[in-house]
Amino acid sequence: MLPLVLVPLAAMCPLATLSTRAVALRTTWGLGSTLPASPLAFASEFAAGTEADTPRGWANWLLPGRLMAGQYPSVQPEVPGPTVDEANQHLARLIAAGIDGFVSLQAEVPPQDASESWPAGGVPLAGASARRFPGAFRRYGGEAARIAAEQSAAEPRMYHCPIEDLSVPSDAERLLRLLDTCLAHWEGGGSALYVHCWGGRGRAGLVGSALLALMYPGLEGDSILAHVQRGYDSRAGADSMPAALRASPQTEAQRQVVRAYARDVRASRLSDLGVL
């Protein structure tokens, strides 16, 4: 059932156009036709509870200097989790690294630029999840703007495309609009995007993979997935996570969507060239 989310897109949406734009960006950046073999680690960690716990990495590059996948970049419901100071230090590292756009994929929270929708104490989870994770998501948009000003950097742009946790996009056209927005960010002079969900594995891995599929239309989905996994594995503490939290994208359903999307992108390019 899952491939049905994406299979019709080659016929009904301009995937070839999106991919042509993405390849043009990749070429402008001086990148070749294969995924970069350079290190994908990003040095930014937080203490996961006590001093005896293994520090956890916030994020990793998918395309060094251009595209990063990561956790929610602030205080979040897991207790113990990152502190306000650790979150602000992470934001400062991101902005210093050139991040000037944040892409939130979370249905759990409002858009970062809708400050009026954020309670003063943050946004908690609902139902049974709140008992397991009793904290709240703290809005980071204002802090990111403040830190950027301190660094004499442009105020970061905030984008929002909500996807349910552990799920796949339910609205294919919305996903395409998000990918178009990401490409437009770069085409408009933007430097680097931070794509995040809560843990930075599932939804972030899926959307990051989709962007890579547009930029590298000659690659199979499994090659893209291997690259995304290599990036996730570069995070501090990734190898000590529970087995269910060691893959990116996190679920097999998400990985199947990436494979289907890569096939659709490749088919759309071949059709555009008159091969199909």
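In case you missed it, the structure is sitting above this.
Computed from a prediction, not measured in an experiment: that's the story for all the values here.

A. Representation of the overall build of the chain in the model. Of regular secondary structure, the chain possesses nine helices and nine strands. The C-alpha radius of gyration computed for the chain amounts to 18 Å, which stays within 12% of the reference 19 Å derived for 276 residues, consistent with globular compactness. Counting only C-alpha atoms, the chain reaches 60 × 45 × 35 Å along its principal axes. Taking all 276 residues of the chain together, 53% fall into the buried category. Considering only residue pairs separated by 6 or more positions, the chain has 74% of its internal contacts joining residues 24 or more positions apart. Surface exposure of the chain reaches about 11,800 Å², of which carbon and sulfur atoms provide 54%.

B. Layout of the environment of D233. Along the chain, the position of D233 falls in helix α8 (residues 221–233). Along the primary structure D233 and G208 are separated by 25 residues, whereas in three dimensions their C-alpha atoms are 15 Å apart. Setting aside residues up to four positions removed in sequence, D233 forms contacts with A238 and R246.

C. The arrangement of the sheet that holds strand β9 (residues 192–196) in detail. Read across the sheet, five strands follow the order β3-β4-β9-β5-β8 without closing on themselves; strand pairing throughout is mixed. Looking at strand neighbours, the two that pair on one side only are β3 (59–63) and β8 (157–163), the edges of this open sheet. Neighbouring strand axes in the sheet, compared pairwise and without regard to direction, differ in orientation by 25 degrees on average. By the bridge criterion, four bridges tie β3 to strand β4 (residues 67–70) in an arrangement that is antiparallel. What sits directly across from L63, in β4, is L67.

D. Focus on the environment of P134. Relative to the elements of secondary structure, P134 occurs in the loop between α4 (128–132) and β7 (136–137). Classification of P134 as exposed rests on a relative accessible area of 54%. Look past the residues within four positions of P134 in its chain and what remains in contact with it is P77 and V79.

E. Geometry of empty space enclosed by the protein. In the structure shown here, the tally under the stated rule is one cavity of 30 Å³ or more. Taken as a whole, the largest cavity encloses approximately 80 Å³ of empty space. In this structure, the largest cavity is lined by R56, G57, Q71, G199, R201, Y232, R235, A236, G237, A238 and M241. The residue makeup of the lining of the largest cavity, split by class, is four nonpolar, four polar and three charged.

F. Representation of the pattern of salt bridges within the structure. Inspection of the entire model under this criterion finds 12 salt bridges. R203 is paired through a salt bridge with E108; the nearest N and O atoms lie 2.8 Å apart. Within this pair, whereas R203 is found in helix α7 (residues 202–215), its partner E108 is found in the loop between β5 (99–106) and β6 (123–124), the two being separated by 95 residues in sequence. Measuring nitrogen to oxygen at the nearest pair gives 3.3 Å for the salt bridge that ties R203 to D165. Here the residue R203 occupies a position in helix α7, and D165 occupies one in the loop between β8 and α6 (172–187), the gap between them amounting to 38 residues. Given the relative accessible area of 2%, R203 is considered buried. Salt bridges here are not isolated pairs; linked through shared partners, they connect R138, E143, R146 and E150.

G. Focus on the packing of aromatic side chains. Enumeration over the complete set of coordinates arrives at nine aromatic pairs. For the pair F102 and Y140, a centre-to-centre distance of 5.3 Å together with 50 degrees between the ring planes defines the contact as tilted. Placement of F102 in strand β5 and of Y140 in the loop between β7 and α5 (141–150) is noted, with a sequence separation of 38 residues between them. We note that F102, like Y140, is buried. Here the aromatic cluster, defined as three or more aromatic residues joined through ring pairs, consists of Y72, F102, F133, F137, Y140, Y194 and W198.

H. Just the nonpolar core, in detail. Judged by nonpolar contacts, the single largest core of 45 residues is most densely connected at L67, L179, W186, V207, L212 and Y261. For this core, the element with the highest residue contribution is α7, accounting for nine residues. Each residue touching V207, except ones within four places of it in the same chain, is listed here: L105, I163, L175, L178, L179 and V195. Ranked by size, the runner-up nonpolar core spans 28 residues in total, among them F42, A87, L125 and Y140.

Criteria and cut-off values
- Residues numbered from 1 in each chain as written.
- Predicted model: local features only at pLDDT ≥ 70, side-chain atom pairs only at ≥ 80, totals over all residues.
- Heavy atoms only, no water.
- Helix = DSSP H or I, 4+ residues; strand = E, 2+ residues; numbered from the N terminus.
- Rg over C-alpha atoms; globule rule 2.2 N^0.38 Å.
- Buried < 20%, exposed > 50% of the residue type's maximum accessible area, 1.4 Å probe, protein only.
- Contact = heavy atoms within 4.5 Å.
- Areas by Shrake-Rupley, 256 points an atom, 1.4 Å probe, with all protein chains shown as cover.
- Pairing = 2+ DSSP bridges.
- Axes fitted to C-alpha atoms, helices over the stretch in contact; angles between N-to-C directions.
- 1 Å grid on protein atoms, 1.4 Å probe; cavity = no way out; pocket = protein on both sides within 12 Å on 5 of 7 lines; lining within 4 Å.
- Points joined across faces, edges and corners; volume = space filled by probe spheres on them.
- Nonpolar A, V, L, I, M, F, W, Y, C, P; charged D, E, K, R; others polar.
- Salt bridge = Lys/Arg side-chain N within 4 Å of Asp/Glu carboxyl O.
- Phe/Tyr/Trp six-rings, centres within 6.5 Å; stacked < 30°, edge-to-face > 60°.
- Core = buried A, V, L, I, M, F, W, Y, C linked by side-chain atoms within 4.5 Å.

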